[in-house]
Each structure stands twice: as C-alpha cells, then as structure tokens.
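Single-letter residue listing:
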Amino acid sequence: MNLETRKSLELKLDYNNMMAEFVGKEGFTEEELEDGLKQARRAYRAVMTSRGEGMTGWMELPSSQTEIVKDIISTAREVRKKFDNFVVLGIGGSALGPIAAFQALCHLRHNELPKFDRKYPKLYVEDNVDPERMAALLDVLDLDKTMFNVVTKSGATSETMAQYLIIMDILKKRFGDKAKDHMIATTSASKGNLIKIAKAEGLKTFYIPDNVGGRFSELSPVGLLPAAVVGINIKELLEGAAHMRKICKNRDVRKNPALFTAYLEVLSMKRGKNISVMMPYADSLKYIADWYCQLWGESLGKRVNKLGAKVYAGQTPVKALGVTDQ
C-alpha cells in the first residue's frame, strides 16, 4: 500500500463532544484529562509487557502468518474455480468477524449480482441453528457448486457441530467418498472433537492459534479464508492491521487512538456513563457494531476482579445503525 493510499484511509478520533469546552459541565476539562494520564500509561505498559502472551496472540496475527496466508490464497483460488457458493458454519467470533468484513469490503448486494459482475462465489454465514433458516438456505444452494467451511476453535461448539453433522450427512448421501471435497475445517490443531473428525474424514484443515480467542480470530484463517474466497485482498488487510498496530504502539497517550479511547471510556464510566453505543452511519459498517458488542461485552464484562472479589464491572455495549436507530 503506497503512502498516498494509506493517507486517504487514515482515521481521525474526534472527542470534542466529550469535552467541557463543547458540551459544558457534562464534558471533561483538560485538567481532568491530565490528572488521569498516569493510569493510562500504566495500562499501556501492562499491555505492551504481555503482548503475544497468554491469550493475546491476536496482537501478532498481522505479521506472523506468511506461510498460512500463502495456503489460504491458494485454497481460495481453487474454491473460486470449482464453486459458486461458500458457506461458513460458525457462531460468535467464527461468524461476526467474517460477516463484518464481507459487509464492509464487498459490494453491498454481492450475492445478488449476476455471476459475470460478481466474479467471486456467494458467501453465506450461518450463525444460527434455526432449522427453518437452514432448510431455506439448502433450497437455494446447488450442492455440486457449494463449499462449506465449519469453524469452531474448541471443536465442541454444540450449535456449529450440529450444523456440521447435518450438512456432512447430506453431502455423504449426495457425493459419497467425495463429500470431503465440499468441506473445509477451521479449528484448533491440538484439541477438541473437530480436529479428530477432520483427520478421520480427510478434510482440508486450517488452524486457529491456541493463544487467539475466538472473538479475536478474524485475522486468522477464521476470517482470512472467507475473505479471500470473495475477493478481498487479505495481504492488504493484514498490512493495514499491521499499520494500525504500529500506530497503537505509540507511547504518547494522545497519539495512540486505542489507548486514548480506552482512557476516555474509563473516565466516562467513573461518571456513571455505563452504556457504550456503536452507531455507524454506513450500511457497510452495520455488522462492525454487532462484532463490537461481542468483543466489548465478552472482553470487559467481569463478575470478579483479578483478586477474586465480585465487582460486576463493565459497560453495556449497544449496537445501532444511523439513521435508522436514531
């Protein structure tokens, strides 16, 4: 990505409407911001010290997958040659990230475009076990031209494994020993039932790193494979993530958008502002808000603190879409 393109994609964090200068006594003064910066700096040091450790492996995904990305691109190319539909079977982080990227980076009516204009397979992400919904999907799919991707890190997600068992049964009845050519598994390499099944069935398999939680797995094969199938340039996607990661390593609190936003959220909670609303105004970003709610709620909603004391802490995340939800 050249410098001009990168500049055109830069984001601006505008927090004017959180400042007393603009909104009066409900806002923060510059003095209040300065008083709490030590806390923000401590948080920064804690994050940077533990980056890549424990369950923070997602922080390294933009630069740690060279060979995996080659395999994903090659596999996606083969899928595009043979199939018109790509169906993700997954829930939670295995679904929300892929849906958000698809909605944000592809044509808003991608699946409805004529094949000549679409150029890439249709994408369906089935994140619910509603039998009516699954039956309706099967009504519109040509199984001869459909690849399924079952995604669960634990390999024990009941909803996803139920979907897999139903679909694989249908595929075996239709294709016999060739059923495996219509299914790709994305799961943990070291644990869970899906990896055992994938090996027994001879499925093409991609792995989710053990130190990457499901809700943070969009930049792993969980999200990269469906993105590549529908024509998203995953190398540029990872390059953009790496660039944003570099920006968010800045020690200066006011020049680090992730750190400064977190700081403003903490100050707001201290004022009793315990609901955090994500409301994009572009339909293309609608599912970013859905994904955000999972990331925010599961990551920050805590019953107990690190000492084991019950605190029931965390904001309530709310998704919305402007102007509809105004």
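Residues numbered from 1 in each chain as written. Predicted model: local features only at pLDDT ≥ 70, side-chain atom pairs only at ≥ 80, totals over all residues. Heavy atoms only, no water.

Let's talk about the pairing of strand 4 (residues 183-187)
Okay, so step 1: With 5 of 5 residues buried, strand 4 lies mostly within the body of the structure.
Okay, so step 2: Across the two faces of strand 4 the burial is the same, with Met-183, Ala-185 and Thr-187 and Ile-184 and Thr-186 all buried.
Okay, so step 3: Pairing geometry for strand 3 (residues 146-151) and strand 4, over 4 bridges, is parallel. The residue bridging Asn-149 from the neighbouring strand is Ile-184, located in strand 4. (Buried < 20%, exposed > 50% of the residue type's maximum accessible area, 1.4 Å probe, protein only. Helix = DSSP H or I, 4+ residues; strand = E, 2+ residues; numbered from the N terminus. Pairing = 2+ DSSP bridges.)

Some details on the packing of helix 9 (residues 158-175) against helix 10 (residues 193-201)
Okay, so step 1: Between helix 9 and helix 10, the shortest axis-to-axis distance is 12 Å and the interhelical angle comes to 15°. The pairing of helix 9 with helix 10 is recorded here as roughly parallel in orientation. For the element pair helix 9 and helix 10, the recorded crossing hand is left-handed. For the pair helix 9 and helix 10, contact is made by Met-161, Tyr-164 and Lys-172 and by Leu-194, Ile-197 and Glu-201, respectively. (Axes fitted to C-alpha atoms, helices over the stretch in contact; angles between N-to-C directions. Parallel < 35°, antiparallel > 145°, perpendicular 65-115°, else oblique. Left-handed = near helix turned anticlockwise from the far one by under 90°. Contact = heavy atoms within 4.5 Å.)

Some points on unusual backbone geometry
Okay, so step 1: Of note, the amide linkage connecting Gly-322 to Val-323 takes the cis form, showing an omega dihedral of 0°.
Okay, so step 2: Here Val-323 lies in the segment after strand 9 (316-319).
Okay, so step 3: Of note, Lys-119 is a non-glycine position whose phi angle comes to about 70°, a positive value.
Okay, so step 4: Examined against the element boundaries, Lys-119 turns out to sit in the loop between helix 7 (115-118) and strand 2 (122-126).
Okay, so step 5: On the basis of relative accessible area, Lys-119 is assigned to the exposed category, the value being 60%.
Okay, so step 6: In this model, Tyr-312 sits at a positive phi of 45°, which is unusual for a non-glycine residue.

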